[in-house]
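Secondary and tertiary structure notes
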Amino acid sequence: MIQRLVILLILLVGYTVNSQTTTYSLKENLAYYENGFEQDDAYIKERCKLDIYYPTNQNGFATVVWFHGGGLTSGNKEIPESLKNKGLAVVAVNYRLYPKVKAPAYIEDAAAAVSWVYRNIERYGGDASLIFVSGHSAGGYLASMVGLDKSWLGHFDMDADKIAGLIPFSGHTITHFTVREERGIKGTQAIVDSLAPLYHVRPDAPPMLLITGDRDLELLGRYEETAYFHRMMQLSGHSQVQLFELEGYDHGGMAFPAFPLLVKEINRVKKAIKEK
């Protein structure tokens, strides 16, 4: 009798777990410039698309807007495997690339994509107060720019402070090296101007989780510039900025161990919002 009861309980638990399994859907190549904006531009039609991967049997989930890397000169949108099946929506974004365009076109695209997510995520069941912006390398730079310089999202009548969190992976905090290349400036010459996240340090920015690879394995001074940015954010009075250096991982390899930190940060912010 006891054995049968145990078996019955196991079956019931199994049924409950299975009945609560989250299912996901993927919508691809959605245009994020709406209302006919620059529809006569063939390159916008080609590149300015996004994919959305989202839970289909849940509501109120968080969303990660993910910008790919590639130095602003290459790369394509993808849903990172490490973010699948985590109870999150992931929006993967393509944006225009140098040399077909120059700065600030790709920042404008990033802002347009984030704005699209805010306008549309609730249609898919997501919570517009739980949108996080992230990306690797050039994608991390774009995430920081749209979240720190409020003018880019302001073009789309959106307040950057509504972003739940900024989580750049090894993103430039100084002016991006491709922007410098466009101006004929070599990659070892650091510039901090209006196209640098560091230029827009402010105490009221969204929570930030900064992640880099090992300082001795990263591109140029990527850790050091991020560490300086982290310090300036603290000195400005920003109370929710963290920095992680992933020892032993180079610029490309740091993304894999960074994804669990991203998910942990999302859960931390979600909990803090619920406790308010």
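Shown above is the structure to which this text applies.
Below you will find a few notes about this structure. Model, not experiment: these values are computed from the prediction.

Conventions adopted
- Sequence order sets the numbering: in each chain, residues are counted from 1 along the sequence as written.
- Residue-level local features of this predicted model are given only where pLDDT is at least 70; pairs of side-chain atoms are given and counted only at 80 or more, and the full residue set underlies all totals for whole chains, interfaces and linings.
- Neither water nor hydrogens contribute to the side-chain values; these are computed over all heavy atoms in the structure.
- Under the DSSP-based scheme used, a helix requires at least four consecutive residues in state H or I and a strand at least two consecutive residues in state E, with every element numbered from the N terminus.
- Three exposure classes are used, based on accessible area relative to the maximum for each residue type with a 1.4 Å probe and protein chains only: buried under 20%, partly exposed in between, and exposed over 50%.
- Throughout, a contact is declared for two residues whenever any of their heavy atoms are within 4.5 Å.
- Pairs of N or O atoms within 3.5 Å make up the polar contacts considered here, provided that, within protein, one atom can donate a hydrogen while the other can accept it, and that residues adjacent in sequence are counted only when both atoms are side-chain atoms.
- Whenever Lys or Arg places a side-chain nitrogen within 4 Å of a carboxyl oxygen from Asp or Glu, that contact is recorded as a salt bridge.
- Helix span, expected: 1.5 Å multiplied by one less than the number of residues in the helix.
- The arc in question is the one spanned by the directions pointing from the helix axis to the C-beta atoms.

Right, let's talk about the environment of Arg-222 for a bit. Mapped onto the secondary structure, Arg-222 falls in helix H7 (residues 222-236). Here Arg-222 falls in the buried class, since its relative accessible area comes to 2%. For the pair Arg-222 and Ser-137, spaced 85 residues apart in the sequence, the C-alpha separation amounts to 9.5 Å. Residues within four places of Arg-222 in sequence aside, it is in contact with Ser-137, Ser-170, Gly-171, His-172, Phe-177, Thr-212 and His-251. In terms of polar contacts, Arg-222 uses its side chain to reach the side chain of His-172, at 3.2 Å.

Bringing the pattern of salt bridges into the picture now. Oppositely charged side chains can form a pair if their charged atoms are brought close together. Per the stated rule, a full pass over the model turns up 13 salt bridges. With a shortest N-O distance of 2.7 Å, Glu-34 and Arg-119 are connected by a salt bridge. With Glu-34 in the loop between strand S1 (24-31) and helix H2 (42-47) and Arg-119 in helix H3 (residues 105-120), this pair connects stretches of sequence that are 85 residues apart. Judged by its relative accessible area of 42%, Arg-119 is partly exposed. Glu-245 is paired through a salt bridge with Arg-215; the nearest N and O atoms lie 2.7 Å apart. Placement of the pair is Glu-245 in strand S8 (residues 241-246) and Arg-215 in the loop between strand S7 (208-213) and H7, with a sequence separation of 30 residues. If you follow the salt bridges from partner to partner, you end up with Lys-150, Asp-159, Asp-161, Arg-202 and Asp-204 in one network.

For H7, spanning 15 residues, the distance from its first C-alpha to its last is 21 Å, which sits close to the expected 21 Å at 1.5 Å a residue. Here H7 has its buried residues at Arg-222, Tyr-223, Glu-225, Thr-226, Phe-229, His-230 and Met-233. Relative to the axis of H7, the buried residues are bounded by an arc of 165 degrees and lie together on one face. As for H7, its buried residues are in contact with helix H4 (138-148), helix H6 (177-182), S7 and S8. One or two positions beyond H7, positive phi appears at Gly-237, with a value near 110 degrees.

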